[in-house]
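Residue-level structural notes
Each chain, written out:
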Amino acid sequence: MALQIDTLKGKPFNNITLETTLKPFKKNDKAYIKSVAKEMFTKWYSLLRHTDTVSVMLWTSDGSEILDYKGKPNQQLEWAKYMGNPNTAHAVGSGPKELSLHERAYLYIENPPNFTYGDLKFIVKTLKEVGVQVTGKIVRIGTTFDPGPEFAKSDFKYKKHPEILAGSAMGGKSFVSCYAVLNADHESYAGFPKGIPANTPFGTFFGRQSQHFLKDIGFDYLWFSNGLGFGIEGWSSTGATFDGKEFKPERLPDVKAKILNFWKLFRAESPDFQIQTRGTNLSTGTDLARDGVDLRDIYKGGFNILPPCNSPWAALDGDFGMELVGYMSRISELPDNRYVFRYYVQDPWWVNSPWFDRYGGEPHDIYMPMAVSRIDSMGRVSLPTHLNFLTIDNSYGNIPKEVPDEVIPHVLKARYDAPTAPGPLVWVYPFDEYHDWALKQKNRLPEVYFGDWFIRQAINNGFPLNTVISTTSFSHLINNKPGYFSQSILVTVVPSAGSLLEEQLISFVKNGGKLMIYGPADHAGEKFLKLLNLQNVMPIDGEFQIQSNLISDKLEQPYPVKILHQLVFSGGGISTIIKDRKETSTHALVSYKQNENTRDVVWSVASPEWKGGKVIYIRGTNSSSFTGGKLLTPDAPAIWATGPIYLRYAMQELGYNYVIEKQDPTITNPVLTIARSNNAYYFSGYVPGTTVKQLFKFPQGAPLLTGFETRIENGYSTYNLPTAWHKECRVFLEQNQGIVSVKEIYSEDKDISRRIEIKGLKNAVLRVFPDEHIKPDMLRAYLNSANPWKTGQLAFEVGDARYGNNYVIKNVTGTVSLAW
């Protein structure tokens, strides 16, 4: 009897994609090709059991094989047989040895095989047949197009038609612009047998060539790589509408129309093949403000696309805040219900294998992005439906078995522990507002740019944000389920004056909700200004001294107390002050002082009439700027304070204390996600400096991580954690001092599925979060007892409903054992 997928733990994927080049096919021999195909599927089979469909995405070349295609099976195929960039001034394998791979490429083996388009068709056919034989699944094969100079030689891009180049991600005019126009070309192509007429839009040419190529070779879908279809600068913090110094809103309508027209032109020529997208390295708001990318129009265009996935660049630059912000902003709304998580395991072009070298075998870039979830308008928690691996082969054309053997357990564990409810923090992302503001209130383009960068730097400084819902979905959901977010803190921007969102956020707070508002309030409505007790005065920018009443991180050499607020990167100058300082429900937290001028930048308001509700306002400074690199460069931490860190600090006002202890400001802060799954809290983190100590104290108590010991210091649980970590928390503690441990112990009882032991308690209060379905009569607690558990049974009480399904045990000393 066949094993059914529902007998496997965790939510299955709709599709798992194994990405590969042709390099593993080191001989153009049919039997050899079949044996390699079998090895590909076999090595990853233990994971492929967890999907409905298996795909293989072939990085055949750089996409120029589509542009060059003449419709002839015997046409020679220029394919990705190189290490490094083959489109430089130096011939492959030539030049002085000290040249880098970005300056000169090598062949990956001596005498690599030659392939024709007919051979490629055989490889595609073989992968489908062997894939079905090995996995028993539906098997689909995709192909790729990259706009840049990587992977393979491209005479089409860099010799025949350089007029299509505009983006400068790898040097001046090195990337294809999706809205470029081709010059005349009298050569015959599959879709243009009489040549390319002058002024043919690239979208038309590329679409028609793709239709012929995919249909003839047997491909099922096409991948748009490295920002294709999403502006001209896929890797940069600047673009067509922002040059690093000023925004150019007057260009936005024309640029956005050109981008959308590319999609329409492509689909007019190739209407049916699915398009999967890589997107840019940035985020929805940033791309819109800097490069005119209207993601809303693309999503609503009916183009049959998968939305952009998480960027793999965090493996290269360690900027996990940018990865998570880009990911969440793009999935806050979707073309349908599908989205992709992509993991960078190996690199087949640049002689690095991220799992082994960039990550050092550490799984933080698995657990943190897989802790991300989106909430839809019905309140359903949505997980990625598709999983991609870039790539299963390395630069030498090998398929190391260690990679799937080591990576798969972490991927499955992350899926088993995937979110089933909103996290403690929920980003209510202004997807529609950003698009409306950019197009209708063009002076707000800096504000649109600011928001995502601000959250990026907050996450990079420990702000545990990994649940997202769009403002539009939120409005629908909160109207039908007003209490849905009762266990979460909402994080969002100042809503538009007189909007439904404004009304709903005010109601949320006044009915007991917890809300954090960030960003400029220049366009706030009177009702929201009243809620915040906020007044706008003359904006100022530049250097400020910080005055703070919040608990800060513990440093031997303290953070600087001066901060640089640059208006171009921070949505304008600072104009916010507390309107009525005598209002007792308002608590001033942080202010900036410049000569005789003071601006309030963080404060909370909690009226006694709000049923426990509270709102915190954080004006926000984006402590980074454009210095010529691809991403904004953070201000030097030894000289300037980091503005976004105050988002984490402000959580103290809502009972969430997360403090970092380290030597000095130059030591990089940890990144943290906290997900809710089956009533547990799952903490996942990245600790670039493992000398750092992390201290936690939440409203529920100090979190106790299962499997660890902790020193309790003034009510905080404290941990020195490894580079990558992922731990469950089902017990929170109120205790002032001591060393406490939480360990899994064996059941030895047919009716007990789980038993946990907590040691080191001293007059403690425990708050326990068992599995979601556990009722009071199913939970057992024992004090200073042991197997067979006949003595020491403890009484407990149902905990505060604000925290969901939890139970409280009071005044215990010694060892408590929990079972359910």
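Residues numbered from 1 in each chain as written. Predicted model: local features only at pLDDT ≥ 70, side-chain atom pairs only at ≥ 80, totals over all residues. Heavy atoms only, no water.

Here we look at the nonpolar core
One finds F206, F389, M516 and I758 to be the most contacted residues of the largest nonpolar core, which totals 214 residues. The greatest single-element share of this core, amounting to nine residues, is contributed by helix α15 (residues 445-459). In this structure, F474, A524, F528 and W610 belong to the second largest nonpolar core, which totals 30 residues. (Core = buried A, V, L, I, M, F, W, Y, C linked by side-chain atoms within 4.5 Å. Buried < 20%, exposed > 50% of the residue type's maximum accessible area, 1.4 Å probe, protein only. Helix = DSSP H or I, 4+ residues; strand = E, 2+ residues; numbered from the N terminus.)

As for the packing of helix α8 (residues 284-291) against helix α14 (residues 431-440)
Put simply, α8 and α14 touch, their axes get as near as 10 Å, and they point 10 degrees apart. Of the possible angle classes, the one that applies to α8 and α14 is roughly parallel. Across the interface between the two elements, T284, G285 and L288 of α8 pack against F431, Y434, H435 and A438 of α14. The residue makeup of the contact of α8 with α14, split by class, is four nonpolar, three polar and no charged. (Axes fitted to C-alpha atoms, helices over the stretch in contact; angles between N-to-C directions. Parallel < 35°, antiparallel > 145°, perpendicular 65-115°, else oblique. Contact = heavy atoms within 4.5 Å. Nonpolar A, V, L, I, M, F, W, Y, C, P; charged D, E, K, R; others polar.)

With respect to the side chain of N281
Tracing the backbone shows N281 in the loop between β13 (274-277) and α8. Sequence-distant contacts of N281, defined by excluding residues within four places in its chain, comprise G234, W235, S311, W313, M322 and R330.

Some thoughts on the confidence of the model for the protein
Averaged over the protein, the pLDDT score is 96; the fraction of residues at 70 or greater is 98%. When pLDDT is averaged over each helix and strand of the protein, the minimum, 82, is found for strand β8 (residues 165-167) and the maximum, 99, for strand β19 (residues 425-429). (pLDDT = per-residue confidence, 0-100.)

A few points about the sheet that holds strand β15 (residues 340-344)
Pairing is parallel in the open sheet, where eight strands are placed in the order β14-β13-β12-β7-β2-β1-β18-β15. Both outer strands of the open sheet, β14 (305-306) and β15, are each paired with one neighbouring strand and no more. Sheet topology note: the strand β7 (residues 138-145)/strand β12 (residues 221-224) ladder contains four bridges and is parallel. Note on β12: the bridge partner recorded for T144 is W223. (Pairing = 2+ DSSP bridges.)

Remarks on the packing of aromatic side chains
Tallied over the entire structure, the rule returns 62 aromatic pairs. On the basis of an interplanar angle of 85 degrees and a centroid distance of 6.1 Å, the ring pair of F242 and F569 is categorised as edge-to-face. Within this pair, whereas F242 is found in the loop between β12 and α7 (252-269), its partner F569 is found in the loop between β26 (562-565) and β27 (574-578), the two being separated by 327 residues in sequence. A connected cluster of aromatic rings, assembled from ring pairs, spans Y656, Y658, Y681, F683, F696, F698, F708, Y719, W725, F732 and F769. Here R648 stacks its cationic end above the ring of Y658, 5.3 Å away from the centre of that ring. Its end group placed over the ring of Y681, R676 keeps NZ or CZ at 3.9 Å from the ring centre. (Phe/Tyr/Trp six-rings, centres within 6.5 Å; stacked < 30°, edge-to-face > 60°. Lys NZ or Arg CZ within 6 Å of the ring centre and 35° of its normal.)

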